[in-house]
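Structural features, examined
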Amino acid sequence: MTELQVQEDVSLRDLTTLKIGGIARYFFSVGNEQELASAFRFAREKALPVVALGGGSNVLVSDGRINAVVVRIAIRGIKWMEGEDILKFRNSDILKSQNLKISKSQNPTILPSHDLSIPKSQNVVFVIAGAGEQWDQLVAEAVRRGLWGIENLSGIPGSVGAAPVQNIGAYGAEIKDTLEWVEVFDSESGEVRRIASADCGFEYRDSVFKSPENKKLIIIRVAFLLKRNGTPNLAYRDLKQIFNDQFDALKHIYPALPGFPLSHSGHSGAFVDSDRVKIPLAWILDNLCGLKGFRKGNVALFERQPIVVVNLGGASAEEVRAFTEEVARIVKDATGITVEYEVQFFF
Ligand SMILES: Cc1cc2nc3c(=O)[nH]c(=O)nc-3n(C[C@H](O)[C@H](O)[C@H](O)COP(=O)(O)OP(=O)(O)OC[C@H]3O[C@@H](n4cnc5c(N)ncnc54)[C@H](O)[C@@H]3O)c2cc1C
């Protein structure tokens, strides 16, 4: 086994979809939990914080020097199991680890929890994916195998490991709908543990993994239960219009953009509930705030989907931050609605 190599002074710019970011003092790309543990030991020796990085599609990294150990989670591998194999696998050593219950409180209690309940039905497939796999490739492979449950989440950029962090969602579906458990490396205790879906605190674009006290938990694998005989989830209004009975992944409207979406508190699909109707944030930006095509320097709201903030080329993190704050202020003044950022700010 080759020894894990640390890299020094690594530019994070090209590791983010925004193409913005300064220089990380130390950088590791880890392919398994042993390497992850080594990276944390290294950080402890240097007395520096660790920051986990997946596909870099939901982070705004500051422009300056980042005095931390940035660890890219590159743990690969996908297992597809069905029938008796699910039960066999369930009984194997890898599934014997203790489950973990955590809360969003300041001092999360860690308790043995849930039994992992996997239905014996022949019509389900149990999938375990490494955190470093690309989310959209997992969806595409599930669809290719004729499996249902995550197809509405097609096209969302990023890694499998980051997907539970904000309970990714689109078109009336969320990752929590099919997620069975999350396997984490607890960097404080050095243990690998399983957290059952019910204990992940999933809410709209939120989970226990977002809270600062749980940043010690690095997601290394995620398990899903998918169905063989599913039906299309057409809860989202536009899907009813565009669905044409073809069995294929539902294509996401965001192209591969150097940008990130805005949202506002607690409303799925960037909608605001009023007494009678749901109003899309995109519509509010265009029609109530006059922000269609809003641009400042190298930062703009994307013409075709105004909830997406894009770097037109050469923008700094500070420019993006100032731009999003200005958009939020204009929306607040015009409507009283608070715009929230799903994007995570690094330093
Ligand atoms: C154009 C565009 C469209 C998008 N559309 C949607 C959408 O429709 N729905 C939606 O929900 N999201 C959407 N997103 C947001 C983004 O795709 C998701 O949040 C995605 O899950 C981020 O994955 P990532 O690997 O790029 O995470 P990163 O950006 O690398 O990291 C995001 C956060 O997760 C943490 N993290 C990363 N990996 C791990 C790990 N293994 N363990 C613990 N913490 C970790 C990081 O420290 C950071 O805080 C969109 C983003 C873009 C740019």
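Residues numbered from 1 in each chain as written. Predicted model: local features only at pLDDT ≥ 70, side-chain atom pairs only at ≥ 80, totals over all residues. Heavy atoms only, no water.

**Overview of the environment of R13**
Here is the rule we go by: Each helix is a run of H or I in the DSSP string that is no shorter than four residues. Each strand is a run of E no shorter than two, and both are numbered from the N terminus.
Checked against the element boundaries, R13 lands in the loop between β1 (7-11) and β2 (23-30). Separated by 11 residues in the primary sequence, R13 and A24 place their C-alpha atoms 10.0 Å from one another.

**Quick word on the confidence of the model for the protein**
The line we're drawing: pLDDT runs from 0 to 100 and stands for how confident the predictor is about each residue. Contacts between residues were defined by any pair of non-hydrogen atoms, one from each residue, lying within 4.5 Å.
In this model, the protein carries an average pLDDT of 81, and 76% of its residues clear a pLDDT of 70 or more. Between the elements of the protein, mean pLDDT differs from a low of 42, seen in strand β14 (residues 271-273), to a high of 98, seen in β1. Of the regions scoring below 50 in pLDDT, residues 91-116 engages in 64 contacts with residues more than four places distant in sequence or in other chains. Within the model, the stretch residues 264-276 combines pLDDT values under 50 with 35 contacts to residues more than four positions away or in other chains.

**Let's talk about the site of the ligand**
The condition is simple: Proximity is defined per residue: any heavy atom of the residue falling within 4 Å of a molecule or strand makes that residue near it. As used in this structure description, the phrase polar contact means that two N or O atoms lie within 3.5 Å; if the pair is within protein, one of them must be able to donate a hydrogen and the other to accept it, and residues adjacent in sequence are counted only when both atoms belong to side chains. Note on areas: Shrake-Rupley with a 1.4 Å probe; residue coverage comes only from the protein chains shown. Note on residue classes: Ala, Val, Leu, Ile, Met, Phe, Trp, Tyr, Cys and Pro are nonpolar, Asp, Glu, Lys and Arg are charged, and everything else, Gly too, is polar.
Contacts to the ligand come from 31 residues, most closely from A52, G55, S57, N58 and S159. At 3.3 Å, a side-chain N or O of R205 approaches an oxygen atom of the ligand. When the ligand sits alone it has 990 Å² of accessible area, and the protein chains cover 96% of it. Elements that contribute at least two residues to the shell around the ligand include exactly β3 (50-53), β12 (217-227), β13 (259-264) and β20 (344-346). In terms of residues, the shell around the ligand owes the most to one element, β12, which gives 3 residues. Tallied by class, the residues present in the shell around the ligand amount to 16 nonpolar, 13 polar and 2 charged.

**Structural notes on the packing of helix α5 (residues 281-288) against helix α6 (residues 317-335)**
Stated precisely, the cut-off is as follows: Fitting a line to C-alpha atoms yields each axis, with helices limited to the stretch in contact; the angle taken between N-to-C directions then spans 0 to 180 degrees. Here the word oblique covers every angle except those under 35 degrees (roughly parallel), over 145 (roughly antiparallel) and from 65 to 115 (roughly perpendicular).
Taken N-terminus to C-terminus, the directions of α5 and α6 make an angle of 80 degrees; their axes are 11 Å apart at the nearest point. The pairing of α5 with α6 is recorded here as roughly perpendicular in orientation. Within the contact between the two elements, α5 uses I284, L285 and L288 and α6 uses V327, V331, A334 and T335. In the contact of α5 with α6, the residues fall into 6 nonpolar, 1 polar and no charged.

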